[in-house]
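Fold and contact review
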Amino acid sequence: MVLLVVASLVRSVVTNERFEWDVVGDYLFNDRILDGLVLTLQLTVAAMAAGVLIGVLLAVMRLSPNPLVSGASGFYIWLFRGTPVLVQLLFWNFIAALYPTIDLGIPFLAPDLISLDANTAITPFIVALLGLGLNEGAYMAEIVRAGVLSVPEGQGHAAQALGMTRLQTMRRIVLPQAMRVIIPPTGNETISMLKTTSLVSVIAYADLLYAAQLIYSENYRTIPLLIVASIWYLVMTTILSIGQYYLERRYGRGSARELPLTPWQRVKRVLVPQHAEPATIPQRAPESGAGGGGGA
């Protein structure tokens, strides 16, 4: 029944002329689509790198015994997790209305060593990076904190007994063991980030979705262009999912006696079945006769 339903759906999609598959084929490798694809990948990598760095810093701050440090981290996480990422993107896009000039320097001594015009300094890429990276940092902070808390406290106590500082203990002892817990949700966040980048089309950043929107605003082939964008998103998320699987497999070493089979190993097992070797029956040692007794 499942195969029948799937076959019916596939036949309906393939034979429906309104999908305009010929238009999909024409624009699948269009230059503007490929340029948008490259910008999407660049933004994903940059935003995730910023999110991971911010998340690790916030997680360490959140676990600090200093109430001021942990409170600042908690406030950041509360603020950026409590507001939608689309609202944050729009806010950063209009930040020049609040701060027409950006002054950088030393507080109270030389606060305006560098003065920048916000309208020119805050480009669409910077807006997208700020909106996505700062928001991702709040989620990564909780992921890293959960991984750190999964490591037994005795590991930290043993490191302190050896004379390690708190930062050394975190970098050399705790974080390497916490990676097994951190990697799976981080992979999910990366895949989610790749799709979340589509929101930057509202600030006119020329990502994959915005490139498709520009094209179908000219030729009015809305559905085929959306299918083109969806195909490329599916390709990229599939590649990231495979990479996530192998990362989880690598950091899962030691947690189980046998590692899970890779997709290629599963296919090979199906195509080339292994013949089971005949079980061998252990031979019993000959018993000594009733009348024969040997000295030990």
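Residues numbered from 1 in each chain as written. Predicted model: local features only at pLDDT ≥ 70, side-chain atom pairs only at ≥ 80, totals over all residues. Heavy atoms only, no water.

As recorded by an unreviewed UniProt entry, the protein chain carries the name Amino acid ABC transporter permease and is attributed to Conexibacter stalactiti. Heading Sequence similarities (unreviewed entry) of the UniProt record for the protein chain holds this comment: "Belongs to the binding-protein-dependent transport system permease family." According to its UniProt record, the protein chain has this under Subcellular location (unreviewed entry): "Cell membrane". (UniProt positions renumbered as here; feature names shortened; annotations may be inferred.)

1. Focus on the overall build of the protein chain
Helices and strands together make up the secondary structure of the protein chain, namely twelve helices and two strands. Starting at the N terminus and walking to the C terminus, you meet the elements of the protein chain as α-α-α-α-α-β-β-α-α-α-α-α-α-α. Out of the 296 residues in the protein chain, the part that is buried amounts to 30%. With the model as given, the accessible surface of the protein chain reaches about 19600 Å², and the carbon-plus-sulfur share is 65%. (Helix = DSSP H or I, 4+ residues; strand = E, 2+ residues; numbered from the N terminus. Buried < 20%, exposed > 50% of the residue type's maximum accessible area, 1.4 Å probe, protein only. Areas by Shrake-Rupley, 256 points an atom, 1.4 Å probe, with all protein chains shown as cover.)

2. Points about the UniProt feature "transmembrane region" (unreviewed entry) in the protein chain
UniProt records the feature "transmembrane region" (unreviewed entry) at residues 39-63, 75-98, 118-135, 198-216 and 222-247, using the numbering of this structure. Its end C-alpha atoms 36 Å apart, residues 39-63 is made of 96% helix and 0% strand. Measuring from the first to the last C-alpha atom of residues 198-216 gives 16 Å, for a span that is 47% helix and 0% strand.

3. Focus: the nonpolar core
Counting 24 residues, the largest nonpolar core has Leu 43, Tyr 76, Leu 132, Val 200 and Ile 203 as its most contacted members. Counting only elements with at least two residues in this core, the list comes to α3 (31-62), α4 (67-81), α5 (85-93) and α7 (124-149). For this core, the element with the highest residue contribution is α7, accounting for six residues. When residues no more than four places from it in sequence are discounted, the contact partners of Leu 43 are Phe 125, Ala 128, Leu 129, Leu 132, Thr 197, Val 200 and Tyr 205. With 18 residues, the next largest nonpolar core counts Ala 212, Ile 215, Leu 225 and Ala 229 among its residues. (Core = buried A, V, L, I, M, F, W, Y, C linked by side-chain atoms within 4.5 Å. Contact = heavy atoms within 4.5 Å.)

4. Considerations on the packing of aromatic side chains
All told, the structure shown has seven aromatic pairs when counted by the stated rule. On the basis of an interplanar angle of 85 degrees and a centroid distance of 5.7 Å, the ring pair of Phe 29 and Trp 232 is categorised as edge-to-face. Taken together, the residues Phe 29 in the loop between α2 (21-27) and α3 and Trp 232 in helix α11 (residues 222-251) connect sequence positions 203 residues apart. The exposed category is assigned to Phe 29, whose relative accessible area is 55%. On the accessibility criterion, Trp 232 (14% relative accessible area) is buried. Residues Phe 125 and Tyr 205 carry aromatic rings whose centres are separated by 6.1 Å and whose planes lie at 40 degrees to one another, so their mutual orientation is tilted. Of the two residues, Phe 125 sits in helix α7 while Tyr 205 sits in the loop between α9 (166-196) and α10 (208-219), which places them 80 residues apart along the sequence. Assessed through its relative accessible area of 27%, Phe 125 is described here as partly exposed. (Phe/Tyr/Trp six-rings, centres within 6.5 Å; stacked < 30°, edge-to-face > 60°.)

5. A look at the pattern of salt bridges
Inspection of the entire model under this criterion finds four salt bridges. Here Glu 20 ties to Arg 221 by a salt bridge, and the two come within 3.1 Å at their closest N and O atoms. Taken as a pair, Glu 20 in the loop between α1 (2-15) and α2 and Arg 221 in the loop between α10 and α11 lie far apart in primary sequence, 201 residues in all. When salt bridges that share partners are traced, they join Arg 62, Glu 142 and Arg 145 into one network. (Salt bridge = Lys/Arg side-chain N within 4 Å of Asp/Glu carboxyl O.)

6. Here we look at the side chain of Gln 88
Considering the arrangement of structural elements, one finds Gln 88 in helix α5. Polar side-chain contacts of Gln 88 include one of 2.8 Å to the side chain of Thr 83. For Gln 88, the residues in contact, after removing those within four places along its chain, are Phe 80, Thr 83, Gly 131 and Asn 135. (Polar contact = N/O pair within 3.5 Å; in protein donor to acceptor, adjacent residues only side chain to side chain.)

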